[in-house]
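Take a look at the letters that make up each chain.
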Amino acid sequence: KKAKMILEKDYKIAEVDKRIFGSFIEHLGRAVYGGIYEPGHPEADEKGFRKDVINLINEIGVPLIRYPGGNFVSGYNWEDGIGPVEQRPARLELAWKTVEPNYVGTNEFMEWAKLVNSEVNMAVNLGTRGIDAARNLVEYCNHPSGSYWSDLRVSHGYKEPHKIKTWCLGNEMDGPWQIGHKTADEYGRIAQESAKAMKWVDPTIELVACGSSNRAMKTYAEWEATVLDHTYEHVEYLSLHTYYGNRDNDLPNFLGRSLDMDYFIKEIIATCDYIKAKKRSKKTMYLSFDEWNVWFHSNAADRKLEPWSIAPPQLEDVYTFEDALLVGCLLITLLRNSDRVKIACMAQLVNVIAPIMTDNGGDAWRQTIFYPYMHASVYGRGVALNPIISSPKYDSKDFTDVPYLESTAVYNEENEELTVFAVNKDTEASLLLDVDIRGFVGYQVVEHIVLEHDDVKATNTAAHPHSVVPHNKGGAAAKDGYIQASLPKLSWNVIRLK
Ligand code: AHR
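Since the structure is predicted, the reported quantities are computational estimates derived from the model, not experimental observations.

What to know about the packing of aromatic side chains
Argument step 1. For the structure on display, the rule yields 18 aromatic pairs.
Argument step 2. Note on tryptophan 78 and tyrosine 140: the rings are 5.3 Å apart at their centroids and 50° apart in plane angle, and the pair reads as tilted. You can see tryptophan 78 sitting in the loop between strand 4 (64-67) and strand 5 (91-93) and its partner tyrosine 140 sitting in helix 3 (residues 131-142), a full 62 residues away along the chain.
Argument step 3. Ring geometry for tyrosine 220 versus phenylalanine 264: centroids 5.6 Å apart, planes at 70°, classification edge-to-face. In this pair, tyrosine 220 sits in the loop between strand 9 (206-209) and helix 6 (222-231) while phenylalanine 264 sits in helix 8 (residues 257-278), placing the two residues 44 residues apart along the sequence.
Argument step 4. The exposure class assigned to tyrosine 220 is buried, which follows from its relative accessible area of 16%.

So, the sheet that holds strand 25 (residues 491-497)
Argument step 1. An order of 2-15-19-20-25-22 is seen for the 6 strands of this open sheet, with the pairing classed as antiparallel. Looking along the sheet, the strands with just one partner apiece sit at the ends: strand 2 (12-15) and strand 22 (445-451). Pairs of neighbouring strands in the sheet enclose a mean axial angle of 20°, with direction left out of account.
Argument step 2. Where strand 19 (residues 405-412) lies against strand 20 (residues 417-424), 8 bridges are found, and the strand directions are antiparallel. Considered in strand 20, the bridge of valine 410 is made with threonine 419.

What about the UniProt feature "domain: Alpha-L-arabinofuranosidase C-terminal" (unreviewed entry) in the chain?
Argument step 1. What UniProt calls "domain: Alpha-L-arabinofuranosidase C-terminal" (unreviewed entry) maps, in this numbering, to residues 290-491.
Argument step 2. What you have in residues 290-491 is 15% helix and 33% strand, and the ends, taken at the C-alpha atoms, are 26 Å apart.

Conventions adopted
- Residues numbered from 1 in each chain as written.
- Predicted model: local features only at pLDDT ≥ 70, side-chain atom pairs only at ≥ 80, totals over all residues.
- Heavy atoms only, no water.
- Phe/Tyr/Trp six-rings, centres within 6.5 Å; stacked < 30°, edge-to-face > 60°.
- Helix = DSSP H or I, 4+ residues; strand = E, 2+ residues; numbered from the N terminus.
- Buried < 20%, exposed > 50% of the residue type's maximum accessible area, 1.4 Å probe, protein only.
- Pairing = 2+ DSSP bridges.
- Axes fitted to C-alpha atoms, helices over the stretch in contact; angles between N-to-C directions.
- UniProt positions renumbered as here; feature names shortened; annotations may be inferred.

What follows is the structure, given as structure tokens:
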């Protein structure tokens, strides 16, 4: 099969907001305790943070991390996580049925985020709490000093304000599983009033309102329209969440799921723009896809866990090679929508549905999905180009016209580097790709990275951490203004040119 693509410097989608390569750490399972924080571990620093985990995160380059939840935030009293650690309460954590010891709270997390060179996207609890707790947290974190909450922060040893710019107004408030679940009107009102108070404390912050928990929610789209009716002029972003699985072991259909993400984004853009029209607003609403990933492998194991322990192994999906292919497709989809998607968070970062896994007291390693995420983050900074693509297509159980080629390109004007990201979804054969780059005079292939594997179910584990790793022996070559590449069947490709 053959596919074609045309790239031109002037065919632009947008400057990629680096926050599109964000991630997420929730107080859930072993993400915090046993993940980023494990005092006594041979790799722990003097604060208890694992340096091996920090190094792996820095390899990816994660510019933004959402914290502390997720479902967790809807029952969280942020005041439990500040001040002397020995005085902090252990609480029953109702979202995940665990005990939260509060050894790590806001200040510890902010310190850790500096070690991974990341900004924090802080979520406030609009489930069991509301306006008051939200505005107090902004004051505690961002106000310099001279008020009750800011002085309390100073007394806790943090003289400088944390200057947190991006804040989430609750989490998945449309979901009946959420602590303090609300109707769209109830949520829209509390989000609007919290937004006002939070911005009165610090007018420089940006806010994310909750959209639907996924595209299959009964209240889908109506929820967004109602919430935005209340909040449109008070927030900068609307959130989207989605998780995909290959439960019926149908790989062509599974790889078609990036189309679902694309439809989701397009439908939410339409809904935002409808409210913009209704309000005759000059403002454009941007999207924060602040939870996305593959999540299904661990569902059965999680159902067997006994409640009320500290940091049990929850949501520990062991990712396969085929999961990495879908993650690559989802990253390409986000880049192709980067004119409206300004924030995106792979959910999550360590141990919990994560690219990085650890053993308590043992090693840290890269899951299969680590690689496309790392490649996109490292090489996907710059201008997202608008490629003209023609590709053969297939139909699957849930989708029609799935292109075998999922691809896009980013041009880094500063380094004058062009990177093509491409997935060949064909389970049988390689795909011959021809890319017209006549506008990029003299460009040559620097390297062609390929992630491929004979076994679609191959995984990386503590015992075999390097079963699925990329190589850079792909044969892409540039000649007379065209790149010619053979993309192996079922492969993730990064073709770098300069
Ligand atoms: O990321 C895991 C969970 O998925 C989050 O806590 C919640 O927001 C979503 O349902």
